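Listed below are the residues making up each chain.
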Amino acid sequence: MSLSPPVSERSLHVAAGRSGTARAVVRALRPHQWAKNTLVLLPVLLAHRAADADALAAAAVAFAALSLCASGTYVVNDLTDRDRDRRHPTKRTRPFASGALSPAFGVGLAAVLLSAAFGLAAAFLPAGFSAVLAAYVGVTLAYSFRLKAEPILDVLVLAGLYALRVVGGSKATGVLLSEWLLAFSLFFFLGLALLKRYVELRQMETGAAPADNGRGYLADDAALVRAVGPATGLISVLVLALYVTSPEVRVLYAQPALLWMAIPAFVYWTLRMWLLAHRGRMPDDPVLFAVKDPVSYAVVAVVAAAVTVAA
């Protein structure tokens, strides 16, 4: 005979409800998007200060603060987009669009996340990083409420938000930001933003997504984005090639010519991503695709090897 007390049906429903809410909260935070915030490490790594424990610790705190901040803005974005998301084939499952989380809960969650982000930055990092964090929130909210509906301007804003992460890494660690790195970042991330938009337009072309996605683009615009996007990504490779031949590179690398190994790797990765998008094999977010893509990791390994042997 069992001595354990009976479990009521209501208690099982309560436990299941709490578990479901917890999963919904995690989904609303979009932790897979935090990979973008590793960009705060770039100034430290490219300045060859990977052994600087203080700089790495500051970069780690910056990563945590940016991740909290980004999650807070994702919640705000999903709240503002929930009606439109309900008509989207994949976005309709998002927690606020599906009703798994209430709008009131979302407002509170966003406030907690943003408060924690700024509190962490104020406690452990220079004021310059908090200024970057404030700029990130301001631009992101402007994007969520207005700028995402402005064609071309929307992708420029997205590219700028990526670049702000790199600037934040510089402010957090005290490592001066290279103009070469900033130029490369702007073109590289503009290419990624255009790729993301092209995937959405491709879905509109094929009828896999509604024609009104709130972005201000028409399905016919896919051809223009397809023409500009790969070229923008290749411009970032050109910036990298110019850096390899610049006088500045000799300060950091003993064999800078070996950095040329990275050039074809970047070219291949850029064109492959666009080819996959054109064939309909790219999800909504190319960054999320790259995080799960073995070929992307192989390209990163080639680039890392080039930097290592050139140092």
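Heads up: these notes are all about the structure in this document. Since we're looking at a predicted model, the values are computed, not measured.

Here we come to the overall build of the protein chain. Along the protein chain, the regular secondary structure elements total 13 helices and zero strands. Secondary structure of the protein chain in N-to-C order comes out as α-α-α-α-α-α-α-α-α-α-α-α-α. In terms of overall size, the protein chain behaves like a compact globule, its C-alpha atoms giving a radius of gyration of 22 Å where 311 residues would be expected to give roughly 19 Å. Seen through its principal axes, the protein chain has C-alpha atoms that stretch 75 × 50 × 45 Å. Looking at the 311 residues of the protein chain, the share that counts as buried comes to 45%. When contacts within the protein chain are restricted to residue pairs at least 6 apart in sequence, long-range pairs at least 24 apart make up 72% of them. Across the protein chain, the centroid of the 28 positively charged side chains sits 5 Å from that of the 19 negatively charged ones.

Let us now look at the nonpolar core. Counting 70 residues, the largest nonpolar core has Phe129, Phe266 and Met282 as the members making the most contacts within it. In terms of residues, this core owes the most to one element, helix α8 (residues 179–206), which gives 13 residues. Residues within four places of Met282 in sequence aside, it is in contact with Leu195, Val199, Met273, Leu276, Ala277 and Phe289. Core analysis: the second largest hydrophobic core is formed by 12 residues, Ala24, Leu29, Val76 and Leu79 among them.

Turning next to the side chain of Arg165. The topology assignment puts Arg165 in helix α7 (residues 153–173). Summary of buried charges: Arg165 has no salt-bridge partner, and the nearest side chain of opposite charge, Asp285, is 9.0 Å away. If we skip the residues at most four places from it in the chain, Arg165 touches Lys36, Asn37, Leu39, Val40, Leu66, Tyr74 and Tyr136.

So, about the packing of aromatic side chains. Under the counting rule described, the total for this entry stands at eight aromatic pairs. Relative to Phe189, the ring of Phe188 has its centre 5.3 Å away and its plane inclined at 80 degrees; by these criteria the two rings are edge-to-face. Judged by relative accessible area, which is 14%, Phe188 ranks as buried. A relative accessible area of 6% places Phe189 in the buried class. Centre to centre, the rings of Tyr198 and Trp274 are 5.5 Å apart; their planes meet at 40 degrees, and the pair counts as tilted. Taken together, the positions of Tyr198 in helix α8 and Trp274 in helix α11 (residues 262–278) put the pair 76 residues apart, joining distant regions of the chain. Assigned by exposure class, Tyr198 and Trp274 land together as buried. Here a set of aromatic residues connected by ring pairs shows up, and it is made of Tyr162, Phe184, Phe188, Phe189, Phe266 and Trp269.

Moving on, we come to helix α5 (residues 103–124). The terminal C-alpha atoms of α5, which comprises 22 residues, lie 32 Å apart, in line with the 32 Å expected from a rise of 1.5 Å per residue. For α5, the set of buried residues is Gly106, Leu109, Ala110, Leu113, Leu114, Ala117 and Ala121. For α5, the angular spread of buried residues about the axis comes to 125 degrees, placing them on one side. Looking at α5, the residues exposed on the side facing more than 90 degrees away from the buried face are Ala104, Val107, Val112, Ser115, Ala122 and Ala123.

As a further point, take a nonpolar patch on the surface. Among the surface-exposed residues, Ile152, Leu153 and Leu156 lie close enough to one another that they form a single nonpolar patch of about 250 Å² accessible area. For Ile152, the position within the fold is in the loop between α6 (127–145) and α7. When its relative accessible area of 45% is taken as the criterion, Ile152 is described as partly exposed.

With the exception of glycine, most residues fall at negative phi, and the peptide bonds are largely trans. Here the phi dihedral of Arg30 falls at roughly 50 degrees; this positive angle occurs in a residue that is not glycine. Mapped onto the secondary structure, Arg30 falls in the loop between α1 (9–29) and α2 (42–46). Note on Arg30: relative accessible area 11%, which makes it buried. Phi is positive for Ile152, which is not a glycine, with a value near 75 degrees.

This part takes up the layout of surface pockets. The volume enclosed by the largest pocket comes to roughly 1700 Å³. Taken together, 47 residues line the largest pocket, and the ones lying closest to its centre are Leu39, Leu42, Leu46, Phe184 and Phe266. Mapped by element, the contributors of at least two residues to the lining of the largest pocket are α2, α8, α9 (222–244), α10 (249–252), α11, α12 (286–291) and α13 (294–310). Top contributing element to the lining of the largest pocket by residue count: α8, with eight residues. Each residue belonging to the lining of the largest pocket can be placed in one class, and the counts come to 39 nonpolar, five polar and three charged. Here the second largest pocket defines a volume of roughly 800 Å³. For the second largest pocket, the lining is made up of 33 residues, of which Arg30, Gln33, Arg94, Lys196 and Asp285 are closest to its centre. For the lining of the second largest pocket, the elements supplying multiple residues, two or more each, are α3 (53–85), α6, α7, α8 and α12. It is α8 that provides the largest number of residues to the lining of the second largest pocket, a total of five residues. Partitioning the lining of the second largest pocket into residue classes produces 12 nonpolar, nine polar and 12 charged.

Conventions we followed
Residues numbered from 1 in each chain as written. Predicted model: local features only at pLDDT ≥ 70, side-chain atom pairs only at ≥ 80, totals over all residues. Heavy atoms only, no water. Helix = DSSP H or I, 4+ residues; strand = E, 2+ residues; numbered from the N terminus. Rg over C-alpha atoms; globule rule 2.2 N^0.38 Å. Buried < 20%, exposed > 50% of the residue type's maximum accessible area, 1.4 Å probe, protein only. Contact = heavy atoms within 4.5 Å. Lys, Arg positive; Asp, Glu negative; His and termini not counted. Charge placed at Lys NZ, Arg CZ, Asp CG, Glu CD. Core = buried A, V, L, I, M, F, W, Y, C linked by side-chain atoms within 4.5 Å. Salt bridge = Lys/Arg side-chain N within 4 Å of Asp/Glu carboxyl O. Phe/Tyr/Trp six-rings, centres within 6.5 Å; stacked < 30°, edge-to-face > 60°. Expected span 1.5 Å × (residues − 1). Arc of directions from axis to C-beta. Patch = residues over 30% accessible without salt bridge, like charges linked within 9 Å, V, L, I, M, F, W, Y side chains within 5 Å. Areas by Shrake-Rupley, 256 points an atom, 1.4 Å probe, with all protein chains shown as cover. 1 Å grid on protein atoms, 1.4 Å probe; cavity = no way out; pocket = protein on both sides within 12 Å on 5 of 7 lines; lining within 4 Å. Points joined across faces, edges and corners; volume = space filled by probe spheres on them. Nonpolar A, V, L, I, M, F, W, Y, C, P; charged D, E, K, R; others polar.

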